[in-house]
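# Residue-level structure breakdown
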Amino acid sequence: MQIFTCPFCGERNETEFHFVGEAGKVRPATSGEISESEWARYLYAQRNDLGSTREIWIHLPCQELFLMERDSMTMGVRGTRKLRKENG
Amino acid sequence: MSAERLTSGGKIDRGQQLSFTFDGMSYSGFKGDTLASALLANGVRIVGRSFKYHRPRGVWGAWVDDPNAIFNVRLGGYEFPNCAGATTYLVDGMELKAVNAWPSARFDVKGGLDLFHRWLGAGFYYKTFMWPDWHLFEPMIRKMAGLGRLEPGLSEAYRSDQSHDQCELLVIGGGAAGLAAARAACEAGHNVVLVDDHAEMGGALYRVGGVEGTDAADWVAAQVNAINLAGGRILTETTAFGVFDHKLVGLVQNRTFGEAPKLIRMRAGRVLLATGALDRPLTFANNDLPGIMSLDAADEFLGRYGVLVGRKIVILRNGRGEDGIVDRLKVAGADVADLAVGEGNLSAYGRKAVRGVIMDGNMIEADAVLVSGGRTPLVHLWCHAGGKLSWDDYSSAFVPAIAPDGFAAIGAANGTFDIDDTLAEARARALGQSVTKAARRDPAHPPRLMTGWRGRQWIDFQHDVTLKDVELSARENYASVEHLKRYTTLGMASDQGKTSNMAGLAAMAQLTGRTIPEVGTTTFRPPFVPLPIETYHGHHRGQLFHPLKRLALEAEHRAAGAALCEYGGWLRPGWYGTGDPDDRAQDEARMARRSVGILDASPLGKIEVMGPDAEAFMNFIYYNTMATLAPGNIRYGFMLTEQGVVYDDGVVARMGDNRFIVSCSSSHVDGVSRMLEIWRQDGNDPDRLFIHDTTQNWTTLTLTGPKARVVAKGLELPLDLSPEVFPHMAIRECDMDGNPLRVARVSFTGDVSIEISVRPSRAVALWNRMCDLAREVGGGPIGIEALSILRAEKGFIIVGKDTDGETMPHDLGFAAPRMRKKTEYVGDRGLHSEAANDPDRRQLVGLAVPAGANRLTTGAHIVSEPVNPKSEGIVTSSYFSPTLDRPIALALLARGSERHGQTVTIWHMGQSCMATVCAPCAFDSKGDRLHA
């Protein structure tokens with residue numbers, strides 16, 4: 001069982017978390033023209049890196065999304081940080 | 001002659017005699033005995049039968065490495081299957097039965113199978129039972145296979161407790177290495193837990209004379225005392241069975257026999273493996289005869305249990321140095337021939353038990369043959385954690401190499417057998433220091449092998465894998481070690497290859513001209529020892545595994561005679577009253593159409609969406625335009641996935657400019673709220689938008705039917721309910737007796753419906769008053785089953801029942817936003833994909849059956865033609881409508897919307913019938929009743 005660190009609540013068991021998606025994926029503006037392949041890439045293509053990954057996760061009890069950098073090979077967690085911008 | 005109990009020696013308590021039976025015969029043992037040692041002490045040689053050939057099997061190992069002594073144990077009226085004889089302690093009154101043998105291990109009727117071994121090689125079943133169809137033979141073969149029996153009436157009290165724990169340093173194994181390490185770490189101030197799977201600490205130290213100048217027993221006691229004094233924790237009879245992610249170590253602690261073991265999830269900062277090593281077998285002809293056992297096991301039976309395994313003993317060694325065992329056996333009264341095994345021919349003889357060995361043509365009589373093929377470090381946990389192994393030529397064994405983060409192996413588990421080296425290594429590792437001095441290893445010759453020699457040479461004792469099977473595997477090119485394992489089942493027995501893996505690898509290496517490290521090992525996986533499945537689930541079963549959400553009015557529903565069933569995670573009334581549930585649902589539906597039904601709709605979603613950005617957000621989340629919804633009004637809509645598929649349907653109420661309530665499906669609230677929350681934080685300013693699930697803050701009771709308004713009026717709500725000021729699809733909030741009250745006009749039945757929501761604390765009063773008023777006009781409570789009929793009569797869908805993973809809103813007749821909505825919304829691009837424009841899409845239709853026909857079967861296919869049927873759609877909902885007095889159905893059908901009036905064939909389980917395609921709405925299609 002892995003331990004992830006929610007930036008708001010601290011260390012918790014992995015069962016409290018849900019994977020949301022790979023970081024850096026931006027929804028294409030659907031008001032414009034988007035080709036089938038571009039849309040399919042957004043929906044289905046994942047980098048699925050072996051090694052260092054950047055992912056968005058949600059901590060279910062507090063419902064906050066955060067960014068997690070981890071190693072998909074060793075399962076080591078390199079760090080987590082809030083998604084929202086700090087004030088000021 | 002066979003094994004016997006000595007009058008003195010061992011760690012058993014001769015003052016406490018325990019009676020037990022084995023295959024119906026009565027025996028006795030002592031407190032401290034395992035099942036295996038007690039049987040040996042009584043001279044029992046055959047303790048079971050092998051899996052495939054039903055060959056007689058004797059005890060091989062004295063602890064976790066024994067693959068042979070497996071019993072069904074009956075105690076206290078309960079039967080416990082597959083108890084490992086070498087690790088289960090004897091309890092007075094146990095009734096043991098050998099597994100895989102009938103009527104007994106000694107006389108097994110299937111023993112004759114062994115005569116056919118020539119035709120029963122690896123892969124025999126798959127090759128032989130190919131024609132005409134494997135499935136014809138499978139039931140018979142399955143009946144013959146398998147170990148143990150699961151008797152009905154297992155103890156309900158057999159429940160595993162589970163706990164979580166943590167420590168700075170976890171030391172696994174309480175032998176010399178583990179004790180020295182744990183003490184050093186404790187005394188340096190670390191939080192240490194030391195576990196050992198035996199009842200007492202010290203490992204095999206009790207066999208040696210002294211440690212660091214003191215008597216071994218005193219040394220062990222001194223370490224235990226020092227660990228306790230320094231605040232270390234010692235867990236006995238506790239096995240570390242697996243290492244999982246982030247240094248979570250699974251510990252299982254035995255309790256009294258008959259009680260499920262306790263599971264401890266130990267989170268360790270660092271882990272030291274002091275798990276020791278196992279003696280491995282030698283491969284020679286007839287090496288499976290009862291009476292042949294591991295040298296280490298014989299030493300253990302003598303030292304720990306006071307059992308001498310034979311009077312005339314032959315020891316067969318493959319390089320392992322003499323460490324006093326010959327003297328110990330001789331002192332106990334045995335005649336010992338200590339033989340080093342060379343390259344020459346070697347076989348054992350005897351029929352049901354070993355009677356001697358033939359070495360290089362010389363017959364040597366023996367009643368016990370003790371075998372040592374060299375010691376294999378127990379590296380299972382090391383490998384679970386991701387550690388690497390390297391092959392050590394000197395000791396002919398895989399030893400720990402690259403360490404997983406936070407792990408170190410010490411002592412025999414690291415291939416270090418010298419006691420002084422072990423202690424130095426343990427103390428350095430305990431403090432996190434590296435070990436510079438290379439430890440002296442234990443020499444062993446590479447595993448020897450005689451190919452082409454007559455006689456069967458066993459590699460896996462339990463599963464009957466012989467050298468011949470490995471040869472066959474190599475010949476048929478299953479030469480990879482993982483293929484070898486699966487083709488021959490080598491290492492798949494309940495000991496998971498603890499005895500057989502090395503011999504198997506060595507054989508494959510020799511047969512294919514490779515070295516052992518080139519062949520490699522199979523993957524080590526948890527658990528290290530077999531565990532009862534109860535250990536894993538603990539109390540997570542039944543309602544605790546899947547807790548249901550409960551209604552505030554559950555007691556009232558029960559009092560009203562409700563049958564409570566699970567609907568989408570909620571325990572809800574399915575129907576009220578006794579008798580046939582279908583009849584009850586029909587009666588309730590009829591009542592609701594004639595008078596009024598009261599439905600507990602509390603589980604309906606009530607997710608609040610608030611903030612200055614709420615309107616734009618709702619417009620983005622919903623397929624339907626929500627920006628134009630005026631405060632105080634309600635609108636029906638769909639949420640889609642980005643693929644354009646219907647994810648949920650429900651109504652949205654706008655409570656103010658910046659506040660909406662999402663009333664999603666009852667079973668879907670958690671999913672919808674998470675989806676909203678993710679969109680809120682991903683792409684929106686979370687300081688201008690807030691989402692809060694208030695579903696369980698309210699009890700909602702719905703009045704539906706022509707008399708709904710009469711009952712509502714009787715409730716004397718502080719609201720004007722007249723349709724002119726409170727029309728259909730409107731919502732009002734007010735205050736009643738100081739409590740909030742919410743009333744909505746929204747209908748899932750096609751009749752006038754009034755949804756009244758109050759705080760759960762006011763629910764009982766509201767329910768009682770409603771029931772009284774409804775009774776006066778011939779109405780009453782209705783359950784979910786009746787509601788399902790009422791909504792189906794109107795053609796209202798349930799997402800996930802009347803839709804599937806491809807259904808888009810335009811398949812359901814809601815095409816307008818797809819064509820006209822200008823702003824972006826979730827699923828918009830998906831709705832214009834090639835698939836979305838397919839003219840053959842399955843669309844929602846109704847189905848009518850000819851007069852007098854039965855109702856259709858839900859899930860039945862609508863087929864193109866009855867002869868060579870090809871599915872064009874599926875019946876999604878089917879009921880008998882009491883209102884219309886005929887069956888009704890909803891279906892998804894290819895090109896359905898343009899096929900109204902067509903006759904189609906419905907196919908189900910080889911039977912077909914006819915139906916006519918019609919509009920989904922079968923009742924009051926103009927909607928007159930809604931505004932009555």
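Residues numbered from 1 in each chain as written. Chains lettered and ligands numbered in written order. Predicted model: local features only at pLDDT ≥ 70, side-chain atom pairs only at ≥ 80, totals over all residues. Heavy atoms only, no water.

Residues and elements named next belong to chain B. If you look at the biggest cluster of nonpolar residues, it comprises 64 residues, and the most contacted ones within it are Phe22, Phe71, Leu96, Phe301, Ile313, Leu329 and Leu370. Setting aside chain neighbours within four positions, we find Ile313 in contact with Leu308, Leu329, Ala334, Asp335, Val336, Ala337, Asp367, Ala368 and Leu370. Among the nonpolar cores identified, the runner-up in size contains 29 residues, and Val711, Leu721, Ile754 and Leu773 belong to it. (Core = buried A, V, L, I, M, F, W, Y, C linked by side-chain atoms within 4.5 Å. Buried < 20%, exposed > 50% of the residue type's maximum accessible area, 1.4 Å probe, protein only. Contact = heavy atoms within 4.5 Å.)

Take the confidence of the model for chain B next. In low-pLDDT segments, the atomic positions of the prediction should not be examined closely. Put simply, chain B has an average pLDDT of 92, and 98% of its residues get 70 or more. With a pTM of 0.88, the predicted complex shows an ipTM of 0.96. (pLDDT = per-residue confidence, 0-100.)

It is worth spelling out the packing of aromatic side chains at this point. Any pair of aromatic rings gets described here by the distance separating the centres and the angle formed by the planes. All names here are of chain B. Considering all chains together, one arrives at 23 aromatic pairs over all chains under this definition. Where Phe80 meets Tyr158, the ring centres are 5.7 Å apart and the plane angle is 45°; that geometry is what we call tilted. Highlighted residues: Phe80 in strand β7 (residues 78-84) and Tyr158 in the loop between α3 (134-144) and β9 (162-172), separated in sequence by 78 residues. Their ring planes at 75° and their centres at 5.4 Å tell us that Tyr636 and Phe638 sit as a pair that is edge-to-face. (Phe/Tyr/Trp six-rings, centres within 6.5 Å; stacked < 30°, edge-to-face > 60°. Helix = DSSP H or I, 4+ residues; strand = E, 2+ residues; numbered from the N terminus.)

The description of two packed helices rests on the angle between their axes and on the distance between the axes. All names here are of chain B. Between helix α4 (residues 176-187) and helix α5 (residues 216-229), whose axes approach to 9 Å, the crossing angle comes to 30°. As far as their axial angle goes, α5 and α4 are roughly parallel. For α4 against α5, the interelement crossing comes out left-handed. On α5, the residues touching Ala176, Leu179, Ala180, Ala182, Arg183, Cys186 and Glu187 of α4 are Trp219, Val220, Ala222, Gln223, Val224, Ala226 and Ile227. (Axes fitted to C-alpha atoms, helices over the stretch in contact; angles between N-to-C directions. Parallel < 35°, antiparallel > 145°, perpendicular 65-115°, else oblique. Left-handed = near helix turned anticlockwise from the far one by under 90°.)

Attention now goes to the interface of chain B and chain A. In this assembly, 28 residues from chain B lie in contact with 26 residues from chain A. Contact with chain A buries area across many residues of chain B, yet His246, Gln681 and Arg829 of chain B alone supply 29% of it, more than any other trio. Seen at the junction of chain B and chain A, the total is four salt bridges. We note a salt bridge from Arg27 of chain A to Glu824 of chain B, for which the minimum N-O separation is 3.3 Å. Of all the elements, helix α18 (residues 669-681) of chain B adds the most residues to the side of chain B that touches chain A, at seven residues. Residues of the side of chain B that touches chain A, tallied by class, amount to eight nonpolar, eight polar and twelve charged. (Buried area = accessible area lost by both parts, 1.4 Å probe. Salt bridge = Lys/Arg side-chain N within 4 Å of Asp/Glu carboxyl O. Nonpolar A, V, L, I, M, F, W, Y, C, P; charged D, E, K, R; others polar.)

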